[in-house]
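The chain contents come next:
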Amino acid sequence: MSETILEAKGLKVHYPTKRGPIHAVDGVDFDLQIGETLGVVGETGCGKSTLGKSILGLLPPGTEVGGSLKFRDRELLKLRPAEFRKLRGEEMALIFQDPMTRLDPLMTIRDHFLETIHVHRAELSKAEAIELAAEALRSMGIPRSRLNHYPHEFSGGMRQRIMIAMAVVLKPKLLVADEPTTALDVIVEAQILDILRDLKRAYGMSLVLITHNLGIVAEVCDRTVVMYAGKFAELGSVNDVFKKPIHPYTQGLLASTIHLETKELRSIDGLPPSLLSPPSGCRFHPRCTYAKDICVREEPAMIEYRPGHFAACHFGRDFV
Amino acid sequence: MTDAPLLEITDLKVHFPIKTSAIQAMGRGVLRRLQGARAEAQDDRLLHPRVHAVDGVSFRVGRGEILGLVGESGCGKTTTGRTVLRLLEPTEGRIVFEGEDLTHRKEDELRPFRRRMQIVFQDPHAALNPGMTIGQAIMDALLLHETRDLGEAKHATLRVMDEVGLTPAEDLFSKYPVDLSGGQKQRAVLARAIILRPSLLVADEPVAMLDMSIRARILELLLELRNRYGLAYLFITHDLATAKFVCDRIAIMYLGRIVETGPTDAIFRDPKHPYTRALLAAIPIPQPGLVRVRTLPRGEVPDAIFPPAGCRFHPRCPVVLPTCGWEGHDFVDYLDQRRLNPEQAAADEAAIGEAEGWHSDLFEARRRVRDQDPTTVASYVESILPQALEAMRRAVAGVDVVGDEVVVRFRKPDPLLPKNVEGRLVECLLY
C-alpha cells in the first residue's frame, strides 16, 4: 500500500525583484509516495532548484509563496524557521551539488557530524554520537579513522559520500538531492548513484532527485516531472515519459539529448524564456513547432492522458 | 607528401613543480631519514614533488580530422591541448605542426603559426571581453594578423558571423557579450577562432556549459565548419557520448597517459582497455528499464603527484594482473581498506599498529617496529595477505625483517608498451 509523504497543490514561488516578481515556480501539483524516487528535470533556470529549496524551507527571506505543500500532513509553507530547522536533518535532508562549498574547511568531519546530531538528538552522549557518525561513514565505504580529517583531505567523490552520510545519519524520511553528481566524473557518479539506490532500498527513503541529466533520471527514478519556465510540462512514470512523451518540449528535450545511441540530433529552436515576463498561454509556444492560436491565448491544464501520465499541452491527444 | 599528419605529438610530458621552500624540503628529507628511508634516487621524487599532468603522450591529427581527447577531470587532457598550442611549456617531447617542429620555438617565431592553430574554451562567458562589442572581438584577430583596413576587416567579420549563424550579423556586430545568450556567445568565440582560417582548432569542452537543447546546434556547426574548410579539431571532452557523435578517432586519457586510441566506431563497439570499458559502463543511458550489469572500478583517480607504478589504472582495474605494477603504496591502501571492517581494524591495530606507521618506497612498504618482535609482525602481515586481491597477493615477492624494520617487497612490473590490438593502440598487459 503506498502512502503519500509529500503533496504540493498549486505551489507557487515568486522572487520579488526591482523589475517585478520572478515566477520561478508557478503553480505546480505533485505528490511523492513513501520509498519513491521522483526526478525533476529541466534546463538551467526552469525552476527545478527552487522547487527543491521550497521543500526544504531554504528559500531566501522575502520570497513569496502560495498554494500548499504538505509533508506528512504538515503544511510546510506555514512553518516557522525554527520548526523547519527541527524538521531538516531529522525528517528530511538535502544533498547539494558541490560538497566542497558545503563543508566547513576549518571543521573536522567528526565536528560536522557532532553538530548535526547534537541539534536533533541532544540527549545522545558524545561517544554515542560518534558511533552513529562512524556507522554512517562506514556504510559509505569510509573508515572511521578518517573522522579526524578535514574536508580538504578528501577527494571529490569522498566528500560527496561524506555529505550523503551526514544527510542520512539520522535516517530521514525524505531526501532532496540537487544535482548530486554534476560536479563528479562519470565513474564516481555511477558509484554515488549506486549508493543512493542502496540507501533507498535499505531505509525505504523517499527521494526527490533534481538533475538536468536524463540518463540519471532513467536509471534511478520511478516517476519524473519535466519542468519548463516554472511550470510542469509533463509528469508520469519514467517509462511513459521517456518512451511515450506527450509534451512537445519533452519530445524535444529527449531528441536533443546526446547519448551513446544517438544517431541523429535534433534541437529545440529558440531559447528558454525569462521568468520575469513568461510568454502568454503555453510557455513553450514561441519554441513549439506545433503551436496554434490557442497556445498563445490559453494556458493548457495538466491532463491525464494515461493512468498517472499527465501533460500540459492543448494538443496532447495528438501525441498519445 | 600528402599523408603527413597535420599535427604530430611524440612522447609529450608536462610536469608542474610544486613549490616548496628549501627549508620545507630539507625538513621533509630529515623526517624521512628519521623514519628510516635510505638515501636513494627515490628521494628526488619526494623532495621535489611534481604534478605529472601529462606523462608521455603521443598522437597524430590528420588534416580535416576530428580527434577526441577523452578523459575524466584531472587526466591531463586540457594540459595536453594547451601545450599543443605552446600556451604551456612542454617538459619533454616533440610538437610538430604542419611539418614544423614547434617544441622550442620562441614566442615571436610562433606567431605565424598561431593563426593556423586556434583554441575555443569551455566557458564562452569568460572568453569574451565584456567591454568589447562582438564585432570588435571577432575583428581583433584579423587586425592583428592580416589587415589594417577597417572596412575590409568589418566586411570579413560580418561574413564569418553569418557563417557561424550569428544573424542578423549587422545588428549583432555592435552588441556586447551581455546581450547574447550562451549559445550565441559560443558562436562568437567560434567566429573569432575561424576568421583567420586556421587548419587546427583545439576545442576544449566547447559545449559543456550549454544546455542540452543548444548543444546539438553548436556540435552541428562544428561539423559543418570541418566539412566546409577541412578544419581539423582536437576535441577535448569528458563526455563520451558527445565524442562519439563528433569524432573520427578517439584517444582515451587516464592520469596523464593515453590508454587507448582508435577509430570511434571500434572503440565504442568493442572497447579493449579496462578503463575504456569502465567509462562506457558508467555512463547513464536515458532508456528506462535497461538492465546493465557492471563492475565499477574501485575508488577514485589517484594523485598525479605520485602516479601508480606500471599501468596507472592498476589499483582500480577489475581485471588486474600480478604484473601490472603493484607497489608499496597499494599495500598501505590495503591496510586502510581493511579498517572498514571494525573487527579486522581492531585485530590489525593490535598486531601491527596503525596503518600510518607504514610508509611506501616505490616497490616496498616498510614499518619500523620498536616495542614488538619484528618477526611476529612479519608473520601477521603474511597471514592477512591471502585476504587481499589475488593479483596483489601474487605480486608480493616477500615479507622480510631487515634490522628493526618489516619490509613488504613487490615484484617489478612487466614493461608496458602500447600494442596494436585490432586496429587500435592499447596500453594494457592483457594484450
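Above this note sits the structure.
Residues numbered from 1 in each chain as written. Chains lettered and ligands numbered in written order. Predicted model: local features only at pLDDT ≥ 70, side-chain atom pairs only at ≥ 80, totals over all residues.

Trainee: Before we go on, may I ask you to explain the pairing of strand β10 (residues 257–263) of chain B in this structure?
Mentor: As a general feature of sheets, a regular strand has side chains that alternate between the two faces. Residue and element names in this part refer to chain B. In terms of burial, β10 is a largely internal element, six of the seven residues being buried. Between strand β9 (residues 249–254) and β10, which pair antiparallel one after the other, the connecting turn spans two residues, and L255 there sits at a positive phi close to 50°. Sheet topology places β10 next to strand β16 (residues 424–426); two bridges connect them, and they run antiparallel. Paired with E260 across the two strands is V426, which belongs to β16. (Buried ≥ 20, exposed ≤ 12 C-beta atoms within 10 Å, placed from the backbone. Helix = DSSP H or I, 4+ residues; strand = E, 2+ residues; numbered from the N terminus. Pairing = 2+ DSSP bridges.)

Trainee: Teacher, can you tell me more about the packing of helix α6 (residues 186–203) of chain A against helix α13 (residues 274–282) of chain B here?
Mentor: The angle between the axes and the distance between the axes are what describe a pair of packed helices. Between α6(A) and α13(B), the shortest axis-to-axis distance is 8 Å and the interhelical angle comes to 50°. On the basis of the axis angle, α6(A) is oblique to α13(B). For α6(A) against α13(B), the interelement crossing comes out left-handed. For the pair formed by α6(A) and α13(B), the contact residues are V186(A), I187(A), E189(A) and A190(A) on the first element and A278(B), L279(B) and A282(B) on the second. When grouped by side-chain class, the residues that make up the contact of α6(A) with α13(B) number six nonpolar, no polar and one charged. (Axes fitted to C-alpha atoms, helices over the stretch in contact; angles between N-to-C directions. Parallel < 35°, antiparallel > 145°, perpendicular 65-115°, else oblique. Left-handed = near helix turned anticlockwise from the far one by under 90°. Contact = placed C-beta atoms within 7 Å. Nonpolar A, V, L, I, M, F, W, Y, C, P; charged D, E, K, R; others polar.)

Trainee: Sorry, what's going on with the nonpolar core here?
Mentor: Side chains that are nonpolar tend, in soluble globular proteins, to be buried together. Within the largest apolar cluster, 200 residues are counted, with the highest numbers of intra-cluster contacts made by A191(B), L234(B) and F235(B). Broken down by element, this core gets its largest block of residues, eight residues, from helix α5 (residues 156–168) of chain A. Shared between two domains, this core takes at least three residues from each, and those domains are domain 1 (1–116 + 204–211 + 230–309 + 416–431) and domain 2 (328–410) of chain B. When sequence neighbours within four positions are dropped, the list of residues in contact with A191(B) reads I138(B), V160(B), M161(B), V164(B) and L166(B). (Core = buried A, V, L, I, M, F, W, Y, C linked by C-beta atoms within 7 Å. Domains from an automatic or database assignment.)

Trainee: For this particular structure, what's the right way to read helix α3 (residues 109–120) of chain A?
Mentor: Residue and element names in this part refer to chain A. Between its first and last C-alpha, α3 extends 18 Å over twelve residues, near the 16 Å set by a 1.5 Å rise per residue. Listed as buried for α3 are I109, H112, F113, T116 and I117. For α3, the arc enclosing every buried residue in end-on projection is 120°, short of the 170-degree limit, so these residues lie on one face. Each element contacted by the buried residues of α3 is listed here: α4 (126–139) and α5. (Expected span 1.5 Å × (residues − 1). Arc of directions from axis to C-beta.)

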